[in-house]
Amino acid sequence: MDKVKYELEIPIHASPSMLYQYISSPSNLQEWFADKVNSRGKMFTFEWDGTIEKAELITKKTEDRVRWKWLESEDDESFFEIKIQVDALTKDVSLIITDFADDEDEVEESKQLWENQIDELKQTIGA
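The present account deals with the structure reproduced in this document. (Residues numbered from 1 in each chain as written. Predicted model: local features only at pLDDT ≥ 70, side-chain atom pairs only at ≥ 80, totals over all residues. Heavy atoms only, no water.)

## A short note on the environment of E77
Right, so step 1: Mapped onto the elements, E77 comes out in the loop between β5 (65-70) and β6 (80-86).
Right, so step 2: When the C-alpha positions of E77 and E120 are compared, they lie 28 Å apart, and in sequence the two are 43 residues distant.
Right, so step 3: With near-sequence residues (within four places) excluded, E77 lies in contact with K69 and F100. (Helix = DSSP H or I, 4+ residues; strand = E, 2+ residues; numbered from the N terminus. Contact = heavy atoms within 4.5 Å.)

## Describing the pattern of salt bridges
Right, so step 1: Applying the stated criterion to the full structure yields six salt bridges.
Right, so step 2: Between D102 and K3 there is a salt bridge, and its shortest N-O distance comes to 3.8 Å. Of this pair, D102 sits in the loop between β7 (93-101) and α3 (107-125) while K3 sits in the segment before β1 (4-11), and the two are 99 residues apart along the sequence.
Right, so step 3: Here K3 falls in the partly exposed class, since its relative accessible area comes to 28%.
Right, so step 4: Note that E81 and R67 form a salt bridge whose closest N and O atoms lie 3.0 Å from each other. Of the two residues, E81 sits in strand β6 while R67 sits in strand β5, which places them 14 residues apart along the sequence.
Right, so step 5: On the basis of relative accessible area, E81 is assigned to the buried category, the value being 5%.
Right, so step 6: Salt bridges linked by common partners bring K3, K69, D76 and D102 together as one network. (Salt bridge = Lys/Arg side-chain N within 4 Å of Asp/Glu carboxyl O. Buried < 20%, exposed > 50% of the residue type's maximum accessible area, 1.4 Å probe, protein only.)

## Quick word on a negative patch on the surface
Right, so step 1: Together, E104, D105, E106, E108, E109, E115, D119 and E120 give the surface a local cluster of negative charge.
Right, so step 2: You can see D105 is positioned in the loop between β7 and α3. (Patch = residues over 30% accessible without salt bridge, like charges linked within 9 Å, V, L, I, M, F, W, Y side chains within 5 Å. Areas by Shrake-Rupley, 256 points an atom, 1.4 Å probe, with all protein chains shown as cover. Lys, Arg positive; Asp, Glu negative; His and termini not counted. Charge placed at Lys NZ, Arg CZ, Asp CG, Glu CD.)

## Some details on the packing of aromatic side chains
Right, so step 1: Counted according to the given criterion, the structure contains 16 aromatic pairs.
Right, so step 2: An angle of 65° between the planes, with centres 6.2 Å apart, marks the rings of F46 and F80 as edge-to-face. Residue F46 is found in strand β3 (residues 43-48), and its partner F80 is found in strand β6; the two are separated by 34 residues along the sequence. The residues F46 and F80 share a single accessibility class, namely buried. (Phe/Tyr/Trp six-rings, centres within 6.5 Å; stacked < 30°, edge-to-face > 60°.)

## So, the packing of helix α1 (residues 16-24) against α3
Right, so step 1: Two elements in contact, α1 and α3, have axes whose closest approach is 12 Å; the angle formed by their N-to-C orientations is 120°. Classified by the angle between their axes, α1 and α3 sit oblique to one another. Here α1 and α3 pass one another in a crossing that is right-handed. Mapping the contact onto sequence places M18, L19 and Y22 in α1 and L121, T124 and I125 in α3. (Axes fitted to C-alpha atoms, helices over the stretch in contact; angles between N-to-C directions. Parallel < 35°, antiparallel > 145°, perpendicular 65-115°, else oblique. Left-handed = near helix turned anticlockwise from the far one by under 90°.)

## A word on α3
Right, so step 1: Look at α3: 27 Å from first C-alpha to last across 19 residues, which is about the 27 Å you get at 1.5 Å a residue.
Right, so step 2: Of all the positions in α3, only V107, S110, W114, Q117, I118, L121 and I125 are classed as buried. On an axial view of α3, the arc spanned by its buried residues comes to 100°, and they lie on one face. Along α3, exposed side chains directed more than 90 degrees from the buried face belong to E108, E109, L113 and Q123. (Expected span 1.5 Å × (residues − 1). Arc of directions from axis to C-beta.)

## Here we look at the nonpolar core
Right, so step 1: In this structure, L19, W32, F46, W68, L95, W114 and L121 are the most contacted members of the largest nonpolar core, which totals 34 residues.
Right, so step 2: Other than its neighbours up to four places away in sequence, L95 contacts L8, E9, I10, I12, L19, I82, K83, I84, I118 and L121. (Core = buried A, V, L, I, M, F, W, Y, C linked by side-chain atoms within 4.5 Å.)

Here you go:
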C-alpha cells in the first residue's frame, strides 16, 4: 500500500542557524523530538518511551534542511524532512515538515503529532 505524503508549514520565531542546530544534531533533537537520539555516521537511532526507531540520514544541508529515511520503510519512497524556510520579503521563518502517513486516515493525527513536537521545540528555544 502506498503511503500518503503530507506537508506542514509552521511559523517559528528563531534564526535559521539556531534552528538548524536543533533539527540536525542528536543532542538538540533529543531536547524536543525524541526521548533519546544517537547517531553513528548517517545512522540515527530515535527512542520514544522505550520504542526504538532507526533512520538513515539522507540529506543534510546547512541552515536549510535535514531528511531521514526510516529503515523499516526501505521498500517505499517515504522519508521525513524538516526544512527551514525564510520568506524573502518579510524574513519570517517557518519549518516545513514533509512526512508520510500509512493511510489517509492517519494524516491528521500525524500532523497533530508534528505540531506538538514543534511546540516542544518552540518551548525549548524560547520562540
